[in-house]
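# Structural overview
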Amino acid sequence: MRITLPEKKKLVFESRFPVRWGDMDAMGHVNNTVYFKYLEHMRIDWMSQIGCPPDAKGEGPVIVNAFSNFHKQLTYPSDVLGKLFVSDLGRSTFDSWCTLERVDEPGVIYTSGGATMVWVDFPAQKSAPLPDWLRTIVARSEEHTSELQSRASSSYAVFCLKKKQADRRSWRRVDDG
């Protein structure tokens, strides 16, 4: 079975990371299970960047399915460029898509994968509507992807965190420094 990435998707995050020696298996390439860790780190890093780190006492995303297509073998040593895209926003869901390529081979996709994410109210253990602040970020990313990426720790990210906290009605002081 091969699942393909949709043509209509929005780039929301990029990250570079090294392949570690321990990521490889006895066959001399990155183990297939490690790719899922790479994709997980991409999703978590993006959510943290936009002011939504994992919070089991509040709301946040969980994945309900995941897949990965292995196009070429990654090996140590190499540096990877991961690109995270989103699409198909629903009431409480959206799809995330990732591509992995070697930094020294721009545009050559080694792995592509994705996951359907559901926004959940963790204490209630129920799906919840995607918050407006997340919809705004995803919509804004279509027009300003590179601007958002270059401002990961900027006032916009602080604004999103404050907005999210206000939406939850559990405001706490955030340093604007």
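Refer to the structure above for everything that follows.
The structure reproduced in this document is the subject of the present report. Owing to the predicted nature of the structure, the values given are computational and were not obtained by experimental measurement.

Looking now at the pattern of salt bridges. For the coordinates displayed, the defined rule picks out six salt bridges. In this structure, glutamate 40 and lysine 37 form a salt bridge, with 3.8 Å as the shortest nitrogen-oxygen distance. On the criterion of helical spacing, the pair formed by glutamate 40 and lysine 37 is a turn pair, its members being three residues apart in helix α1 (residues 32-49). By relative accessible area, glutamate 40 is classed as partly exposed at 33%. The exposure class of lysine 37 is partly exposed, given its relative accessible area of 47%. A salt bridge links glutamate 105 to lysine 72; the nearest nitrogen and oxygen atoms lie 3.9 Å apart. Of the two residues, glutamate 105 is situated in the loop between β4 (93-102) and β5 (109-121) and lysine 72 in the loop between β2 (59-70) and β3 (79-87); the sequence distance between them amounts to 33 residues. Salt bridges sharing partners connect three or more residues here, namely Lys72, Arg102, Asp104 and Glu105.

This next bit is on the side chain of serine 92. On the secondary structure map, serine 92 appears in the loop between β3 and β4. A relative accessible area of 11% places serine 92 in the buried class. In contact with serine 92, other than residues within four places in its own chain, are Met117, Val118, Trp119, Ser127, Ala128, Pro129 and Leu130.

Among the nonpolar cores identified, the biggest contains 30 residues, and Tyr38, Trp46, Trp119 and Leu134 are the most heavily contacted of them. Put simply, the parts of the chain that give this core at least two residues each are β1 (10-18), α1, β3, β4, β5 and α2 (132-150). When residues of this core are assigned to their parent elements, the largest contribution, seven residues, is made by α1. Each residue touching leucine 134, except ones within four places of it in the same chain, is listed here: Trp46, Ile50, Phe94 and Trp119.

What counts and how
Residues numbered from 1 in each chain as written. Predicted model: local features only at pLDDT ≥ 70, side-chain atom pairs only at ≥ 80, totals over all residues. Heavy atoms only, no water. Salt bridge = Lys/Arg side-chain N within 4 Å of Asp/Glu carboxyl O. Helix = DSSP H or I, 4+ residues; strand = E, 2+ residues; numbered from the N terminus. Buried < 20%, exposed > 50% of the residue type's maximum accessible area, 1.4 Å probe, protein only. Contact = heavy atoms within 4.5 Å. Core = buried A, V, L, I, M, F, W, Y, C linked by side-chain atoms within 4.5 Å.

In short, geometric facts, not functional conclusions.
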